[in-house]
Amino acid sequence: MTRAALRAVLVAALLHAIPAHCADAWDYALQPQEIAPDTWVFVGRAEDFTFANGGNVVNTGFVITAAGVVVIDTGPTVRYGQQMRAAIRRLTPLPVVRVFNTHHHPDHVLGNAVFAASTVEATAEAAAALRAEGAGFVDNMFRLVRQWATGTEVAVPTRVAVDGPITIGGHTFELHRMRGHTDGDLVIVDRTTGVAFVGDLVFDGRAPTTPHAHPDDWRAALATLRRWPVSVWVPGHGPPSRGTDAIDATHAWIDWLDAHLRTAAASGRDITEVLRDPVPARFATWGVVDAEYARSVLQRFPALERAELKRADAR
Amino acid sequence: MRARHHCSGLAAGLAVIAMLSTAAAADPAADPAVDPMGSAAWADRTRALFGDARVVFDPRVEVLAPKSAEDPLQVPVAVRVDPAIGADRVFVFADYNPIVPVLSFEPRGAAPYLAFRVKLQQSGPVRAAARDAAGTWHVGHTWVVTGGGGCTLPALGRGEKDWETRLNEVSARVWVDALGGTTAARARIRIVHPMDTGLAPGIPAFHLRELRLVDAAGADAMRIEVHEPVAENPVFTVEWAHAAPPLPLVLTGVDNNGNRVDAAIVR
Ligand SMILES: [Zn+2]
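Source: prediction; values computed, not measured.

J.: Any chance you could break down the overall build of chain A for me, citing the residues and the numbers?
T.: For chain A, the count of helices and strands is eight helices and 13 strands. Rg of the C-alpha trace for chain A: 20 Å, near the compact-globule value of 20 Å for 315 residues, within the 12% margin. Every one of the 315 residues in chain A was classed for burial, and the buried ones make up 57%. Within chain A, contacts between residues separated by at least 24 positions form 66% of all contacts whose residues are at least 6 apart in sequence. Looking at chain A as shown, the accessible area adds up to about 12,200 Å², and 56% of this sits on carbon and sulfur atoms. Separation of charge centres in chain A, based on 30 positive and 34 negative side chains, amounts to 3 Å.

As C-alpha cells, then:
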C-alpha cells in the first residue's frame, strides 16, 4: 500500500470514528488583520500543534497588489491553505500571482499545494530541504492534527528566490536570503509599505524553535534586520509589531540558550540534568517555553557535548 | 529499531504530543505486584526478569529521562541509585521494547550512577532495578513519550559516515571536581558503534556487549553489560562521588562479533 493510500484508509477510519456533526467543522476561522495598506496577516496561536488548534500556530500573510495577490507562507495543512485562499478571495477577485515560503518548516509550507506550482518561491536551500524532509513532515502533521491534515501533500517550491527587488502591481518587494533559523531563510520586505515578513527568524511571545538553527548565523541575521527601516515586523509566530522588541527578545533567547548549553557541556553536566534547568524569568511567560527549551536541549546538546570529548587512543 | 528507514522528516516546529503524566514517586512499602506505571504484565515481567527474588519499588532509584523525546533512537537516560542501598548491580530495562534489557552496570570504584542513550520502540516506562546485598531488587522508573516510529528526526547527520574504519573508536573526557565541586570526578565516554538490534530486516545484530573501566591504579571503576537497545554510538557518563580516580582510565570491552574496545583516557 502506498503512503497516500494508507493515509487515506487511516483518515477514513478516523473520520468514521468521530460524530457526524464534527465532520464539517474543520474550520480554522481565519480572520485577516489589516496591518498596513493592502497588507493582511492571519495571526496564529502561541501554541504547539494540537488536534484542538489544527496546527494554526503560525502567521501567514498576503499583499493585494494591482497585479494580483502576493502570499507569504501557506500554513500547516492543505485545509489551511484552502481557507486562506478563500479568505483572500472575500477581499479581492484578483488571482494569487506569487507565493513566498519564508523557510521549509511544515507550518509554513504545507498549504503550498493549494496554489499554482509555478507561483511558489523559496530559497534553493529551503526547496531542497522540503524535498528531503517533506514526507516526514506530512506524516508527523497527520499524527499531531489528524483530520485537519486531510489531503495535505508536499508541494516543493518551483521558483528559486534570489536577492534583490521585484515589483509586482506597484509594490516593490525586496528579497533577502538569510540563514540562521534554517539554512535557507527568506525575508520579504515590502518597500512600498515598510512591512517586513521575517518568518521564523523572529518569534514574539512564543519560544523559538531550533531544530535546524545555526545560532551564530541567526544572531548575525537579527543584527542585520535590526538596522533596517521597517514600519511593521511580521514574525513567524506572535503578533505583528512596530519596533525591535521581538527581534531583541529572539536574540536574547538564542544568546542565553547557546551560552547555557555550551557552559553545561563544557562542565560535564549530563543532558538529563540540563533538561531540568529552569528557563530564566524573563522568558518564562512565553508560550510553550518549557517544552521548547527541552526540545532545544535534546536537539542541540549532544553535538556540544561531543565537541568536548577528545580521541582516546589505544594503549 | 535501527534507523534504516526512509523516514527523514525532522519535526521542525512540530512538537509535543500530549504528555502522559509520570507516576507519583513509588513507595517501597507499596504492593510490588501493582505497577505504579500501570503495566498490567508487571507481575509476569518481574517473575521473568528477577525470578523468585524480592522486588520492591523504591524512590531511591532515580531514572531521569525527558518526558517527551522526539527522537526515539537517542533517548537520554540517567540512573542514580542512593548509595545507602549498597547496590552491586543495576539492571535497566524498557518494558515495551522488543528487546527488554537495555544494560546492566556494576559500580565498583565509581558511584552508582550511569547516564546513556537508549532506543525506544514506543512510549512507555524505562526502569532501573538495583540489587542490594540481600538480593532484593529496588525498582525506580520514569515514563517517556516518544515521537513514535523514529520518523521525526532525519538519519542525516546521525552516526558516523566512516564507522567501519572507526569502529570502537573512543573519545572521552574526565572532569575532576565536577559540577561545582559536588562530585569528585565525572567521565564521559563515546564509542563509535552502530549498535544494530538485529530487528531491522537484513541487518544482523551487531552491538557492544561488555565494557570495563579501570583506573590507573588498577582499581575496577565500572562494568557495563550492554544490550541492543543502547543507542548508536553510545555515550556513557560515569561518576566518582568521593575521590577522583588516578588517570589514565583504561576502557576495555568487546562487541558481539569479537571486536575489541581498548582505550586509555588520559584527560
Ligand atoms: Zn520554523
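J.: Now, about the interface of chain B and chain A: what can you tell me, with residues and values included?
T.: Taken together, the contacts link 46 residues of chain B with 42 residues of chain A. Here chain B and chain A share an interface that buries about 3,700 Å² over both sides, 54% of which is from carbon and sulfur atoms. On the surface where chain B and chain A come into contact, there are seven salt bridges. In this assembly, chain B and chain A are joined by 12 residue pairs in polar contact (both at pLDDT 80 or more). Every element with two or more residues in the side of chain B that touches chain A is listed here: β3 (68–69), β4 (75–81), β7 (113–118), β10 (170–177), β11 (183–191), β14 (235–240), β15 (249–255) and β16 (260–265) of chain B. The leading source of residues in the side of chain B that touches chain A is β10 of chain B, at five residues. Here the residues of the side of chain B that touches chain A sort into 25 nonpolar, 10 polar and 11 charged.

J.: Describe the pattern of salt bridges, listing the residues and the values that go with them.
T.: Counted by the stated rule, this structure contains 38 salt bridges over all chains. Glu70 of chain B is the salt-bridge partner of Arg295 of chain A, the closest N and O atoms lying 2.4 Å from each other. Here Arg295 of chain A, found in helix α8 (residues 289–307), pairs with Glu70 of chain B, found in the loop between β3 and β4, and the two come from separate chains. Looking at Glu70 of chain B, the relative accessible area reads 11%, which means it is buried. Between Glu169 of chain B and Arg166 of chain B there is a salt bridge; the shortest N-O distance is 2.6 Å. One continuous salt-bridge network, built from bridges that share partners, spans Arg89, Glu106, Arg108, Arg212, Asp220, Arg223 and Glu225 of chain B.

J.: Residues and numbers for the coordination of the zinc ion, please.
T.: Around the zinc ion, the donor atoms from the protein are His103 of chain A (NE2), His105 of chain A (ND1), His181 of chain A (NE2) and Asp200 of chain A (OD), and they sit 2.1 to 2.2 Å away. Seen from the zinc ion, its four donor atoms lie at angles of 89 to 169°, and the figure they make is irregular.

J.: An account of the side chain of Asp185 of chain A is needed here, citing residue identities and associated values.
T.: All names here are of chain A. Checked against the element boundaries, Asp185 lands in strand β10 (residues 185–190). Of the side chains bearing the opposite charge, Arg179 lies closest to the buried Asp185, which forms no salt bridge; the N-O distance is 7.9 Å. A polar contact is formed between the side chain of Asp185 and the side chain of Thr182, at a distance of 2.7 Å.

J.: Which residues make up the packing of helix α5 (residues 215–226) of chain A against helix α6 (residues 245–266) of chain A, and what are the values?
T.: All names here are of chain A. Relative to each other, α5 and α6 sit at 160°, their axes nearing to 10 Å. With respect to α6, the element α5 is oriented roughly antiparallel. Crossing of α5 over α6 shows left-handed handedness. Note on element contacts: α6 touches α5 through Ile247, Asp248, Thr250, His251, Ile254, Asp255 and Asp258, opposite Pro215, Asp216, Trp218, Arg219, Leu222, Leu225 and Arg226. Of the residues that constitute the contact of α5 with α6, the class distribution is six nonpolar, two polar and six charged.

Each value, and the rule that gives it
- Residues numbered from 1 in each chain as written.
- Chains lettered and ligands numbered in written order.
- Predicted model: local features only at pLDDT ≥ 70, side-chain atom pairs only at ≥ 80, totals over all residues.
- Heavy atoms only, no water.
- Helix = DSSP H or I, 4+ residues; strand = E, 2+ residues; numbered from the N terminus.
- Rg over C-alpha atoms; globule rule 2.2 N^0.38 Å.
- Buried < 20%, exposed > 50% of the residue type's maximum accessible area, 1.4 Å probe, protein only.
- Contact = heavy atoms within 4.5 Å.
- Areas by Shrake-Rupley, 256 points an atom, 1.4 Å probe, with all protein chains shown as cover.
- Lys, Arg positive; Asp, Glu negative; His and termini not counted.
- Charge placed at Lys NZ, Arg CZ, Asp CG, Glu CD.
- Buried area = accessible area lost by both parts, 1.4 Å probe.
- Salt bridge = Lys/Arg side-chain N within 4 Å of Asp/Glu carboxyl O.
- Polar contact = N/O pair within 3.5 Å; in protein donor to acceptor, adjacent residues only side chain to side chain.
- Nonpolar A, V, L, I, M, F, W, Y, C, P; charged D, E, K, R; others polar.
- Donors = N, O, S within 2.8 Å, 3.2 Å for Na, K, Ca; no water.
- Tetrahedral: all angles 85-135°; square planar, octahedral: opposite > 155°, others 65-115°.
- Axes fitted to C-alpha atoms, helices over the stretch in contact; angles between N-to-C directions.
- Parallel < 35°, antiparallel > 145°, perpendicular 65-115°, else oblique.
- Left-handed = near helix turned anticlockwise from the far one by under 90°.

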